[in-house]
There are 2 protein chains.
Amino acid sequence: MENLSYPSQVEKWDVWEVSFRGPMDGNPFTDHHVTGVFTGKNESHQVDGFYDGDGVYRVRFMPSFEGTYSFCLHADFWEEEKKGQFVAGPAKKGNHGPVRVAGTYHFAYEDGTPYDSIGTTCYVWELQSDSQIEKTLQTLSEQPFNKMRFCLFPKHYDYNLHEPRCYPFEGTPMDSSVLTPDNFAAYTGKTDGNHWDLARPNPAFFRHVEKCLYALRERGIEADLILWHPYDRWGFSQMTREQDLFYLRYVVSRFSAFRHVWWSLANEYDLMPQKSIEDWECLATRLCRWDPYGHLRSIHNCLRFYDHSRPWITHCSIQRLDLYKSGEMTGEWRARYQKPVVLDEIAYEGNIQHGWGNISGEELTRRFWETACRGGYAGHGETYLSPDGMLWWSHGGTLHGDSPKRLAFLHRILCETPGLGLKPYPLSWDDVCAVPENSLIPPGQTQDYYLIYYSFMRPSFRDFHFDDDSVFDVRVIDTWEMTVEERGHKSGAFRVELPAKPYMAIQLRRVNKG
Amino acid sequence: MENLSYPSQVEKWDVWEVSFRGPMDGNPFTDHHVTGVFTGKNESHQVDGFYDGDGVYRVRFMPSFEGTYSFCLHADFWEEEKKGQFVAGPAKKGNHGPVRVAGTYHFAYEDGTPYDSIGTTCYVWELQSDSQIEKTLQTLSEQPFNKMRFCLFPKHYDYNLHEPRCYPFEGTPMDSSVLTPDNFAAYTGKTDGNHWDLARPNPAFFRHVEKCLYALRERGIEADLILWHPYDRWGFSQMTREQDLFYLRYVVSRFSAFRHVWWSLANEYDLMPQKSIEDWECLATRLCRWDPYGHLRSIHNCLRFYDHSRPWITHCSIQRLDLYKSGEMTGEWRARYQKPVVLDEIAYEGNIQHGWGNISGEELTRRFWETACRGGYAGHGETYLSPDGMLWWSHGGTLHGDSPKRLAFLHRILCETPGLGLKPYPLSWDDVCAVPENSLIPPGQTQDYYLIYYSFMRPSFRDFHFDDDSVFDVRVIDTWEMTVEERGHKSGAFRVELPAKPYMAIQLRRVNKG
């Protein structure tokens, strides 16, 4: 066993890894195959290992239970399997395990801790310079976001035309020195001049991404990893089925042991004419087979939804289809798909020319509240023009907007929700009312908890009337000013005075037992 | 002819009236019938006269052409018809005739002057005290509104529980002294205690309304007269078919000669369970028969649209069905009904508790622009709580809001539109673009005039690209600050810088011929 290197102890839900040396000649990425079978008291999984360059092979595993695990490794360049053991210890502070779907429409970490998603998007933050990445991480440390949505492949798009810091495959890109902001559209999807060996992943690229994954994990941020996307001049959106599968298997073998990875099969899948639904379904099937941990899986649309009712899809990852209504549709999508509704793109706070990137902090915050009070989860992004050309939505860096601290406030309110999350509740036609998802009290009967949001409306007061002897603790929430005002205990018919401003909410918590 | 009193000269489109004495015994309203046949060079109409109390009968006529008219009056209490003549002279300044549908989706006065409707609603302004009415008229003189929507019957509704100044029929109302803001719902639709003779209209009531009609006419304001509505404790919403027809015929005989009257058959027709679609269709059929001038006719919904495709309906009078989208639906409704789309209720600027009455001036103005740039017409209303209990939407009086002067500004921009009005134009997915309705230039080819609205979005710039040699006069409009900034002449590919604020618009006017 002298040539196996691995730790004998690992934290539950952490990455356990074994490495060993093997052949370097030919193409080790494709010529050889290594696997591991891991068996503990409560689970047994076979996983793929991967070649990490320089003659090093690795096999990773994430134990989901405490206790002793035995493993058995196989490599086609070995004559015999190699075996060993390690012990998975208790999860440490901040390690709650992978996020799972819980209560049909919500999420919880595997240890049962509710996960109220407040996501943001920085599409290629990890492919920027070290100093820019450092800035992003610094910003994330100060912000409420607990999910980061980003791409593995480099991005060719408005405001993001420079080359990435490194490439996922060996080779060289087209000459992009003639690319300008004005002619970039002509290069989109044109792949002449790229020279990639798509059978040779670039281990340095993946090691770098892993470093970024760890940095997110340290900050309690889930990694919503986009595997394919259409913003491309390198040709990675136009690989063959075989190349796609090879890439996918390599990615899964490297990343699936990271507890906080979510698989977003694609961003704007419907802008990739080279791929059919059959292609996506094939990739999804293999993803399900290769990922032994059942990480969350989704696929994100531009103009038309993927069929989110497909069994492999764990939650809806939605770009809103309407310029005006986004979070407001959450209830309909919940009803239709019977899955968590994550509105990853509902327009970004910013001031660029595009309608998807120039709404106000007020409007983005409003959309978050609309979504939350209808039992869904919205996503943040920021697109302010900046002298250094760095836009959060693409490059990460620094935030300039008004919404993030309001989203932190929203998160605080959501964390107060009893149970796993909220569901929409028909209180009045002109409010957005939520009650706990797990409320077993039938609609029409007095609930234990109401969160009522008034959106753009500006009532001077709202009247309530409860027929029973329920007593409520009444709080008035200014979602913009981020204040909570105690209004004492009320029962029966009562009026709650409001300041006739937009973005107000009322929280009613029953203090006696119904 | 000594007992006929009438003028020998009248202005075209003005009210010509003849009066004479007749029987006072029995019930002159129902016992007797007077009619007139009016014949000029270009038209001949039979109209109903009416009893105006105190033994006086009147017949009114609105000539639509200049020249000599002969008339022939018939009364069942005369042995012989009586004849006479008068001359219709040219319309004076400010008299453009009745408003008609023009260009399928728009309006014009009968003399061809385009009519860009900027309506407001004060449901029972005319049933308030003299001083309140005076205030309303003073306010209207200073405001842009060119249509006033109001009810003929008194209104029983939140914030409007007091008795009207007078009643449309002889009799006495229920005792309302026990009515309070808290118990008013219990009185809604309960009609016990009213004592009306529904076969005896109250001439003083109608003469008062006529005075108000004249006051609107003087100010160039169309009267969108609501004939039935559900906010009732007097029973006028629950009359029999026969009583309804009698009331309708009396109203038409009195008011149809007023050129600026529009017939709104009902407000929120669908909140009147006593009436079926068949009832409304019957009333509409008679209205068409009895009104010889073909005034505009509509019927307004609450929760579900009337079928606006019915032939008697001249234009859609819409209350928006969605809390979030109102003016944004204009294009769909144009396409569906092929008639002018008037959004009479898209929520009011104010701060009352109800979601239909507490949006901001910004939001109401935005909805007007959305509607206008999609080729429709929105309606204003104001519901600010006021120490004197007077809310514009119900009582008229004084305006407190931010939107009216912005609506005046919008009206000014609309008046610049070539032709009759605007139609929606597919320029970009993230703007609201209008071109003149009568543009004959196919979509995709360069138009002569674009009005492009950015709504809540906040672009820092927008890029344009025209393939031909068109030269445009470019103006940047701040619809909230009410400024117009000249940006000079542009052609080909050009960028228009914008201040990254909401509520901006760009106007492009082609200055060379395409």
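All values derive from a computational prediction rather than experimental measurement. (Residues numbered from 1 in each chain as written. Chains lettered and ligands numbered in written order. Predicted model: local features only at pLDDT ≥ 70, side-chain atom pairs only at ≥ 80, totals over all residues. Heavy atoms only, no water.)

1. As for the overall build of chain A
Line of reasoning, step 1. Of the regular secondary structure elements, chain A holds 10 helices and 29 strands.
Line of reasoning, step 2. With the principal axes as the frame, chain A shows a C-alpha extent of 80 × 60 × 40 Å.
Line of reasoning, step 3. Sorting the 514 residues of chain A into buried and exposed places 63% on the buried side.
Line of reasoning, step 4. Contacts in chain A between residues at least 24 apart in sequence constitute 70% of all its contacts with a sequence separation of at least 6.
Line of reasoning, step 5. Accessible surface for chain A amounts to roughly 18,900 Å². Of this, 49% is attributable to carbon and sulfur atoms.
Line of reasoning, step 6. A distance of 3 Å separates the average location of the 54 positive side-chain charges in chain A from that of its 70 negative side-chain charges. (Helix = DSSP H or I, 4+ residues; strand = E, 2+ residues; numbered from the N terminus. Buried < 20%, exposed > 50% of the residue type's maximum accessible area, 1.4 Å probe, protein only. Contact = heavy atoms within 4.5 Å. Areas by Shrake-Rupley, 256 points an atom, 1.4 Å probe, with all protein chains shown as cover. Lys, Arg positive; Asp, Glu negative; His and termini not counted. Charge placed at Lys NZ, Arg CZ, Asp CG, Glu CD.)

2. Focus: the interface of chain B and chain A
Line of reasoning, step 1. The interface of chain B with chain A comprises 36 residues on the first partner and 37 residues on the second.
Line of reasoning, step 2. Contact between chain B and chain A buries roughly 2,800 Å² in total, counting both sides, with carbon and sulfur atoms accounting for 58%.
Line of reasoning, step 3. Taken as a group, Tyr324, Phe456 and Arg458 of chain B account for 27% of the area that chain B buries against chain A, more than any other trio of residues on that side.
Line of reasoning, step 4. Taken together, chain B and chain A are joined by 2 salt bridges.
Line of reasoning, step 5. For aspartate 322 of chain A, the salt bridge identified is with lysine 325 of chain B, shortest N-O distance 2.4 Å.
Line of reasoning, step 6. Listing elements by their share of the side of chain B that touches chain A, those giving two or more residues are β19 (349-350), α8 (361-372) and β25 (461-465) of chain B.
Line of reasoning, step 7. Among the elements that take part in the side of chain B that touches chain A, α8 of chain B stands out by supplying 3 residues, more than any other.
Line of reasoning, step 8. Of the residues assigned to the side of chain B that touches chain A, the class counts are 15 nonpolar, 9 polar and 12 charged. (Buried area = accessible area lost by both parts, 1.4 Å probe. Salt bridge = Lys/Arg side-chain N within 4 Å of Asp/Glu carboxyl O. Nonpolar A, V, L, I, M, F, W, Y, C, P; charged D, E, K, R; others polar.)

3. Quick look at the domain arrangement of chain A
All names here are of chain A.
Line of reasoning, step 1. Domain parsing of chain A yields domain 1 (9-89), domain 2 (117-131 + 146-176 + 187-403) and domain 3 (422-510).
Line of reasoning, step 2. Computed from C-alpha coordinates alone, the two centres of domain 2 and domain 3 are separated by 36 Å.
Line of reasoning, step 3. Listed by partner, the interface residues are 12 residues for domain 2 and 16 residues for domain 3.
Line of reasoning, step 4. Counting each side, the surface lost to burial between domain 2 and domain 3 is near 1,200 Å², with a carbon and sulfur contribution of 69%. (Domains from an automatic or database assignment.)

4. Quick notes on the sheet that holds strand β6 (residues 67-75) of chain A
Strands belonging to one sheet form pairs held by backbone hydrogen bonds; the direction of such a pair is parallel or antiparallel.
Residue and element names in this part refer to chain A.
Line of reasoning, step 1. Strand order across the open sheet formed by 7 strands is β1-β7-β6-β3-β4-β5-β2, with mixed pairing between neighbours. Two strands in the sheet have a free side with no partner beyond their single neighbour: β1 (9-11) and β2 (16-21). Pairs of neighbouring strands in the sheet enclose a mean axial angle of 30°, with direction left out of account.
Line of reasoning, step 2. Pairing analysis gives 6 bridges linking strand β3 (residues 34-39) to β6, with the strands arranged antiparallel. Looking at β6, one finds that phenylalanine 38 is bridged to phenylalanine 71.
Line of reasoning, step 3. Across the sheet, helix α5 (residues 241-255) touches β4 (44-51) and β5 (56-61), and the angle it forms with β4 is around 110°. (Pairing = 2+ DSSP bridges. Axes fitted to C-alpha atoms, helices over the stretch in contact; angles between N-to-C directions.)

5. Quick look at helix α4 (residues 203-218) of chain A
One turn of the α-helix equals 3.6 residues, which is why residues spaced by three or four share an orientation.
All names here are of chain A.
Line of reasoning, step 1. Between the first and last C-alpha of α4 there are 22 Å, a value that for 16 residues agrees with the 22 Å anticipated at 1.5 Å per step.
Line of reasoning, step 2. Within the sequence span of α4, burial applies to Pro203, Phe205, Phe206, His208, Val209, Glu210, Cys212, Leu213, Ala215, Leu216 and Arg217.
Line of reasoning, step 3. Near the N-terminus of α4, the side chain that reaches the backbone nitrogen of alanine 204, with its oxygen 3.1 Å away, is that of asparagine 202.
Line of reasoning, step 4. Trailing α4 by a residue or two, glycine 220 shows a phi angle of about 75°, which is positive. (Expected span 1.5 Å × (residues − 1). Polar contact = N/O pair within 3.5 Å; in protein donor to acceptor, adjacent residues only side chain to side chain.)

6. Considerations on the packing of aromatic side chains
Residues and elements named next belong to chain A.
Line of reasoning, step 1. With the rule as written, the count across this model stands at 119 aromatic pairs over all chains.
Line of reasoning, step 2. Here the aromatic rings of phenylalanine 206 and phenylalanine 255 are separated by 6.0 Å at their centres, their planes lie at 45°, and the arrangement is tilted. Placement of the pair is phenylalanine 206 in helix α4 and phenylalanine 255 in helix α5, with a sequence separation of 49 residues. Of the two residues, phenylalanine 206 and phenylalanine 255, neither departs from the other in class, the shared state being buried.
Line of reasoning, step 3. One residue, lysine 82, lies across the ring of tryptophan 78, its end atom 4.4 Å from the ring centre.
Line of reasoning, step 4. Stacked on the ring of tryptophan 280, the Lys or Arg lysine 275 has its end atom at 6.0 Å from the ring centre. (Phe/Tyr/Trp six-rings, centres within 6.5 Å; stacked < 30°, edge-to-face > 60°. Lys NZ or Arg CZ within 6 Å of the ring centre and 35° of its normal.)

7. A few points about the relation of the copies chain B and chain A
Line of reasoning, step 1. At an RMSD of 0.0 Å, chain B and chain A line up after a rotation of 180° and a shift of 0.0 Å along the axis. Here the transformation between the copies is reduced to the relation of a two-fold axis.
Line of reasoning, step 2. When the interface residues of chain B are mapped onto chain A, 100% of them are again interface residues, pointing to one common binding face. (Least-squares fit on C-alpha atoms with pLDDT ≥ 70 in both.)

8. Concerning empty space enclosed by the protein
Residue and element names in this part refer to chain A.
Line of reasoning, step 1. The full count for this structure, using the stated rule, is 7 cavities of 30 Å³ or more.
Line of reasoning, step 2. Each pocket or cavity is described by its volume, and for the largest cavity that value is around 70 Å³.
Line of reasoning, step 3. Along its surface, the largest cavity is lined by Val47, Asp48, Arg60, Val252, Ser253, Ser256, Ala257, Trp290, Pro292 and Tyr293.
Line of reasoning, step 4. Among the secondary structure elements, those contributing two or more residues to the lining of the largest cavity are β4 and α5.
Line of reasoning, step 5. Grouping the constituent residues of the lining of the largest cavity by class yields 6 nonpolar, 2 polar and 2 charged.
Line of reasoning, step 6. Counting contributing residues, the lining of the largest cavity receives three or more from each of domain 1 (9-89) and domain 2 (117-131 + 146-176 + 187-403). (1 Å grid on protein atoms, 1.4 Å probe; cavity = no way out; pocket = protein on both sides within 12 Å on 5 of 7 lines; lining within 4 Å. Points joined across faces, edges and corners; volume = space filled by probe spheres on them.)

9. Here we look at the side chain of glutamate 382 of chain A
Line of reasoning, step 1. Position of glutamate 382 of chain A among the secondary structure elements: in strand β21 (residues 382-383).
Line of reasoning, step 2. With no salt bridge to any partner, buried glutamate 382 of chain A finds its closest opposite charge in arginine 458 of chain B, at an N-O distance of 8.6 Å.
Line of reasoning, step 3. A polar atom in the side chain of glutamate 382 of chain A sits 2.7 Å from the backbone nitrogen of histidine 400 of chain A.
Line of reasoning, step 4. At 2.8 Å, the side chain of glutamate 382 of chain A and the backbone nitrogen of glycine 401 of chain A are in polar contact.

10. Considering the environment of glutamine 132 of chain A
Residues and elements named next belong to chain A.
Line of reasoning, step 1. Looking at the element boundaries, glutamine 132 is found in helix α2 (residues 130-142).
Line of reasoning, step 2. Here the alpha-carbon distance between glutamine 132 and histidine 395, two residues 263 residues apart in the chain, equals 7.7 Å.
Line of reasoning, step 3. Glutamine 132 has contacts with Met390, His395, Gly396 and Gly397, leaving out every residue within four places of it along the chain.

11. A closer look at the layout of surface pockets
Line of reasoning, step 1. Considered as a void within the structure, the largest pocket measures approximately 970 Å³ in volume.
Line of reasoning, step 2. Around the largest pocket, the lining comprises 31 residues; the ones closest to its centre are Gln353 and His354 of chain A together with Asp463, Phe464 and Arg495 of chain B.
Line of reasoning, step 3. Counting residues per element, the ones that place at least two in the lining of the largest pocket are α3 (184-187) of chain A together with β25 and β28 (493-497) of chain B.
Line of reasoning, step 4. Of the residues belonging to the lining of the largest pocket, the class tally is 16 nonpolar, 7 polar and 8 charged.

12. Regarding the side chain of lysine 155 of chain B
Residues and elements named next belong to chain B.
Line of reasoning, step 1. With respect to the secondary-structure elements, lysine 155 resides in the loop between β11 (147-151) and β12 (169-172).
Line of reasoning, step 2. Salt bridges are absent for the buried lysine 155, whose nearest opposite-charge side chain, glutamate 268, sits at 8.7 Å.
Line of reasoning, step 3. Within the structure, lysine 155 has its side chain in polar contact with the side chain of serine 394 (distance 3.4 Å).

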